[in-house]
Amino acid sequence: SDIHRPANSLRKMKFKAVLSRNGVKTFVSIAQSIQKVAEECAIHMNEEFFEFRVKPDAANGIQVFAKMHTESFTEYRIESKAENNITVVVRVRNLIRAFKSADQAMDAVFKLTKPGSIPCFTVVASDVTTCLAVKQDIPISQILSAAGRNEYREPRLPTPDIAMEFPDPRHVKMILEKMKPLDKFVHMEASSRGVLIFKVQTELVSMRTFFHGLEVQQSKGSDVQEENNMNDNVSVHTSNSFNFVRKYVVQMNIKEFLNVLHFASIHFEKVILCVIEGQAVVLYGDLEDSIGSLTYYIPVCTAFD
């Protein structure tokens, strides 16, 4: 079909990149986070970005998009007849295995190859202590055309009801671990006063955790202006700016949300929470040193789930 290209189309594509040791660590951390929600991911490469893309799974509906600027690579070369766009599908565990073999190297070279009949990503790394070169092949299960790439597009969502700073994901993860034995679901309430509440309530027990003083970047019906660029120094309105408090509540599956929060091991400049009531929660993180971003789209649960 025109969606999944045959392996021989690899001849028309060239890709080679070099990642520093720190880059390899970030790469592995992102892949390990993705593995918690998906077994496969698409890798989309062009002249601007190297991207990981996860399409919605039938079981959880979660989508993940991680972007690394090509400037964050020591070297980066790409060539294809599709305006220098290449998209391939790989198993995440193979990606992690190959790049973990490079974690003691000064850098890692990875490129598109075809050692046999199966196209691969080949990772080559020289161990600092032994000076031996370690080579790992990551089999490519599909090479996608532009039509196939559409399956991995970011969803179109309405303007969030609220966009606000998300607390340290490590702290949120610890709290949800304690709530997990109590119930299947957690209620998350975000308010225009910069308060985020996680709550579990059953007939026998009730548990709540409050995070105060979070920056609100946008809230429907308030005077907080939407910021298009999350890297800008935003002028944050204090709670006194609001004549009334707006609250937005969503229900999340705790186990699935904990899988998402595995990204807590990655270093971020900041993480932004967007809530679209009755539809989705979006978590957007700027990677440290502005090398890229990580975005999760998480469907919210209904009363019938």
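Quick notes on the rules
Residues numbered from 1 in each chain as written. Predicted model: local features only at pLDDT ≥ 70, side-chain atom pairs only at ≥ 80, totals over all residues. Heavy atoms only, no water. Helix = DSSP H or I, 4+ residues; strand = E, 2+ residues; numbered from the N terminus. Buried < 20%, exposed > 50% of the residue type's maximum accessible area, 1.4 Å probe, protein only. Contact = heavy atoms within 4.5 Å. Areas by Shrake-Rupley, 256 points an atom, 1.4 Å probe, with all protein chains shown as cover. Lys, Arg positive; Asp, Glu negative; His and termini not counted. Salt bridge = Lys/Arg side-chain N within 4 Å of Asp/Glu carboxyl O. Core = buried A, V, L, I, M, F, W, Y, C linked by side-chain atoms within 4.5 Å. Phe/Tyr/Trp six-rings, centres within 6.5 Å; stacked < 30°, edge-to-face > 60°. Pairing = 2+ DSSP bridges. Axes fitted to C-alpha atoms, helices over the stretch in contact; angles between N-to-C directions. pLDDT = per-residue confidence, 0-100. Arc of directions from axis to C-beta.

**A look at the overall build of the chain**
For the chain, the count of helices and strands is five helices and 20 strands. A burial count over the chain gives 49% of its 305 residues as buried. Across the chain, the fraction of contacts at a sequence separation of at least 24, relative to all contacts at a separation of at least 6, is 64%. Working note: accessible area of the chain is about 15,300 Å², and carbon and sulfur atoms make up 46% of it.

**With respect to the side chain of Arg-149**
Turning to its location among the elements, Arg-149 is positioned in helix α3 (residues 146-149). Buried and unpaired, Arg-149 has no salt bridge, with Glu-83 as the nearest side chain of opposite charge at 7.5 Å. Look past the residues within four positions of Arg-149 in its chain and what remains in contact with it is His-44, Arg-53, Asn-85, Thr-87 and Leu-144.

**Quick look at the nonpolar core**
Formed by 82 residues in total, the largest nonpolar core has its most connected members in Phe-15, Phe-52, Phe-110 and Phe-198. The greatest single-element share of this core, amounting to six residues, is contributed by helix α1 (residues 21-35). Leave out the neighbours within four places in its chain, and Phe-198 touches Phe-166, Val-172, Leu-176, Met-179, Val-186, His-187, Met-188, Met-207, Arg-208, Thr-209, Phe-211 and Phe-257. One finds Phe-65, Ala-163, Ile-272 and Tyr-297 within the second-largest nonpolar core, a separate group that totals six residues.

**Here we look at the packing of aromatic side chains**
Evaluation of the coordinates by the stated rule reveals 19 aromatic pairs. Three or more aromatic residues joined by ring pairs make a cluster, and in this case those are Phe-15, Phe-27, Phe-50, Phe-52, Phe-73, Tyr-76, Phe-99, Phe-110 and Phe-121.

**Some details on the sheet that holds strand β15 (residues 206-211)**
Spatially, the four strands line up as an open sheet ordered β15-β14-β13-β17, and their pairing is antiparallel. If you trace the sheet from one side to the other, it starts and ends with β15 and β17 (247-253), each paired once. Neighbour-to-neighbour, the strand axes of this sheet turn through a mean angle of 20 degrees, independent of strand direction. Pairing of strand β13 (residues 185-191) with β17, which is carried by seven bridges, proceeds in the antiparallel orientation. Considered in β17, the bridge of Ser-191 is made with Lys-247.

**Looking at the pattern of salt bridges**
One pass over the structure, following the stated rule, counts five salt bridges. Between Glu-39 and Arg-91 there is a salt bridge; the shortest N-O distance is 3.1 Å. Placement of Glu-39 in the loop between α1 and β3 (40-45) and of Arg-91 in strand β7 (residues 86-91) is noted, with a sequence separation of 52 residues between them. Assessed through its relative accessible area of 59%, Glu-39 is described here as exposed.

**As for the confidence of the model for the chain**
Per-chain confidence: the chain averages 86 in pLDDT, with 87% of residues scoring 70 or above. Under a pLDDT of 50 for its full length, residues 223-242 has, in the predicted model, 32 contacts with residues more than four places off or in other chains.

**A look at helix α4 (residues 169-179)**
Among the residues of α4, Pro-169, Val-172, Ile-175, Leu-176 and Met-179 are the ones counted as buried. Angular distribution of buried residues about the axis of α4 spans 125 degrees; they occupy a single face of the element. Turned more than 90 degrees away from the buried face of α4, the exposed residues are Arg-170, Met-174 and Lys-178. Residues of α4 that are buried make contact with β13, β14 (196-201), β15, α5 (254-260) and β18 (268-276).

**Concerning unusual backbone geometry**
Here Asp-289, not a glycine, exhibits a phi torsion of approximately 65 degrees, which is positive. You can see Asp-289 is positioned in the loop between β19 (280-287) and β20 (292-299). You can call Asp-289 exposed: its relative accessible area is 63%.

**Description of the pairing of strand β2 (residues 14-20)**
As paired strands, β2 and strand β6 (residues 75-79) are joined by five bridges and run antiparallel to one another. The partner of Phe-15 across the bridge, within β6, is Ile-78. As defined by bridge partners, β2 adjoins strand β8 (residues 105-113) across five bridges and the pair is classed as antiparallel. Looking across to β8, one finds that Ala-17 is bridged to Phe-110.

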